[in-house]
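Descriptive structure summary
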Amino acid sequence: MDGLIVAIGLPVTIVCIIAVVACVVSMAWAFGAKYPKVENYTLSKQWKREPLLLSATEVSPVSAAHHDASVDDLIGGSASGKW
């Protein structure tokens, strides 16, 4: 049992130490990096991006199968119009 502790534990410990050192070096290297400043959006500015529609479910719209627009309301609604 003691042989397994040394045979398995020592390489695992060395790999963990190398991973921690690599993380510290990467954080130190990226500390001085300059990132472009992102301008915050306010309501007084014009929105220049396309609308995003996110769904909370994996269910596909069923109105195409049933030809009924009101069926989408049962699944989670729909969006239309200009944002």
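Everything discussed here concerns the structure shown above.
Everything in this summary refers to the structure shown in the same document. The structure displayed is predicted, hence computed values, not measured ones. (Residues numbered from 1 in each chain as written. Predicted model: local features only at pLDDT ≥ 70, side-chain atom pairs only at ≥ 80, totals over all residues. Heavy atoms only, no water.)

**Let's talk about the overall build of the chain**
Quick note on the threshold: In this text, helices come from DSSP runs of H or I with a minimum length of four residues, and strands from runs of E with a minimum of two, each type numbered from the N-terminal end. For every residue, the accessible area (1.4 Å probe, protein chains only) is compared with the maximum for its type, and the residue is labelled buried under 20%, exposed over 50%, or partly exposed between those bounds.
Along the chain, the regular secondary structure elements total three helices and zero strands. Counting from the amino terminus, the chain carries its helices and strands in the arrangement α-α-α. Within the chain, the fraction of its 83 residues that count as buried is 2%.

**Looking at the pattern of salt bridges**
Selection rule: Here a salt bridge means any side-chain nitrogen of Lys or Arg lying within 4 Å of a carboxyl oxygen belonging to Asp or Glu.
Scanning all chains against the criterion turns up one salt bridge. The shortest N-O distance in the salt bridge between Lys45 and Glu39 comes to 2.6 Å. Since its relative accessible area comes to 31%, Lys45 is described here as partly exposed. A relative accessible area of 64% places Glu39 in the exposed class.

**Thoughts on a nonpolar patch on the surface**
Quick note on the threshold: A patch consists of residues whose relative accessible area exceeds 30% and which take part in no salt bridge; residues with like charges are grouped when within 9 Å of each other, and nonpolar side chains (Val, Leu, Ile, Met, Phe, Trp, Tyr) when within 5 Å. Per-residue and other accessible areas were derived by the Shrake-Rupley procedure at a 1.4 Å probe size, with only the shown protein chains allowed to occlude residues.
Taken together, the side chains of Val6, Leu10, Ile14 and Ile18 define a hydrophobic patch exposed on the protein surface, amounting to about 390 Å² of accessible area. For Ile18, the location among the structural elements is in helix 1 (residues 2–30). What makes Ile18 exposed here is its relative accessible area of 54%.

**Remarks on helix 1**
Which entries qualify depends on this criterion: Here the expected length of a helix is defined as 1.5 Å per residue gap, with one fewer gap than residues. Two axes enter the bend calculation: one fitted to the seven residues ending at the residue in question, the other to the seven starting there, and the bend is the angle between them.
Between its first and last C-alpha atoms helix 1 spans 41 Å; for 29 residues at 1.5 Å apiece the expected length is 42 Å, and the two agree. A maximum bend of about 25° is found in helix 1 at Gly9, where proline Pro11 lies one to four positions downstream.

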